[in-house]
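Structural features, examined
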Amino acid sequence: IVCGGIGLVFAPGTPPAVNYATLAVIFTLFALALLATGTEMAAGRAVMGAFYWAFGATMLIGWAEVITGFKLQSILYPDAGNLLYPGRFYVAAYFPNINDFGVVVAMFSIMAVARFLFDVRGPVRQVARLAAAAAGAVLIFGGGSRGSLVAMLVGWGLLLLVSLRQTRRRALPAAPIIVAGFLAMAVALYVWSL
């Protein structure tokens, strides 16, 4: 909120209605509303479920664009620079650019892996979750969104560490995991800056 507010103060010209400050305020109010329900766990589960299915639908739109070659972006954002990129995997669904799309697909892929690791529901559902996570990874890799790719891989790694720590607490003490997390972030920042 503070950073977005500073950006608004120093922005040249009139800032748009939707900007980082307004988004930060909206997300903060949303989080406070969830916490004030009295049933935070149920509300959080419902919100995460809605995100999961909405992000999954977004990924499916991206795959439909890859398969058909038609980019929804050409209707929604006819002046978008992504439309100039060659290749079927430069898709963005209803987003203005491939990086925003990549972030949503990365979050979906991380959520699918989290459900695979922590919400075991039978072999068919488990295979579907892994397939969904892999489908998201292929879209991100094919689209070339480096930040989303690194975030997804780091997210997968952290989920795996948490999962292993739950089953083998003594084999994986907290200190090395924290150090590994910081090292992973450093490597991710390095890869992202290439």
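Residues numbered from 1 in each chain as written. Predicted model: local features only at pLDDT ≥ 70, side-chain atom pairs only at ≥ 80, totals over all residues. Heavy atoms only, no water.

In terms of nonpolar packing, the biggest core is built from 25 residues, with Met59, Phe101, Phe108 and Leu139 touching the most fellow members. Those elements that place two or more of their residues in this core are α3 (40-68), α5 (98-118), α6 (123-143) and α7 (146-167). Looking at this core element by element, the count peaks at 9 residues for α5. Residues contacting Phe108, with those up to four places away along its chain left out, are Tyr52, Phe55, Gly56, Met59 and Ala132. (Core = buried A, V, L, I, M, F, W, Y, C linked by side-chain atoms within 4.5 Å. Buried < 20%, exposed > 50% of the residue type's maximum accessible area, 1.4 Å probe, protein only. Helix = DSSP H or I, 4+ residues; strand = E, 2+ residues; numbered from the N terminus. Contact = heavy atoms within 4.5 Å.)

With 29 residues, α3 extends 42 Å from end C-alpha to end C-alpha; this agrees with the ideal 42 Å at 1.5 Å per step. All buried positions along α3 are accounted for by Ala43, Val47, Gly49, Tyr52, Phe55, Gly56, Thr58, Met59, Gly62, Glu65 and Val66. Among the structural elements, α2 (20-35), α4 (73-76), α5 and α6 are those in contact with the buried residues of α3. (Expected span 1.5 Å × (residues − 1).)

We now examine empty space enclosed by the protein. Scanning the model with the defined rule gives 1 cavity of 30 Å³ or more in all. Reported here for the largest cavity is a volume of approximately 40 Å³. Residue lining of the largest cavity: Phe89, Val91, Ile98, Phe101, Gly102, Leu139, Ile140, Gly143 and Ser145, and that is the complete set. Of all the secondary-structure elements, those providing two or more residues to the lining of the largest cavity are α5 and α6. Split into classes, the residues belonging to the lining of the largest cavity amount to 6 nonpolar, 3 polar and no charged. (1 Å grid on protein atoms, 1.4 Å probe; cavity = no way out; pocket = protein on both sides within 12 Å on 5 of 7 lines; lining within 4 Å. Points joined across faces, edges and corners; volume = space filled by probe spheres on them. Nonpolar A, V, L, I, M, F, W, Y, C, P; charged D, E, K, R; others polar.)

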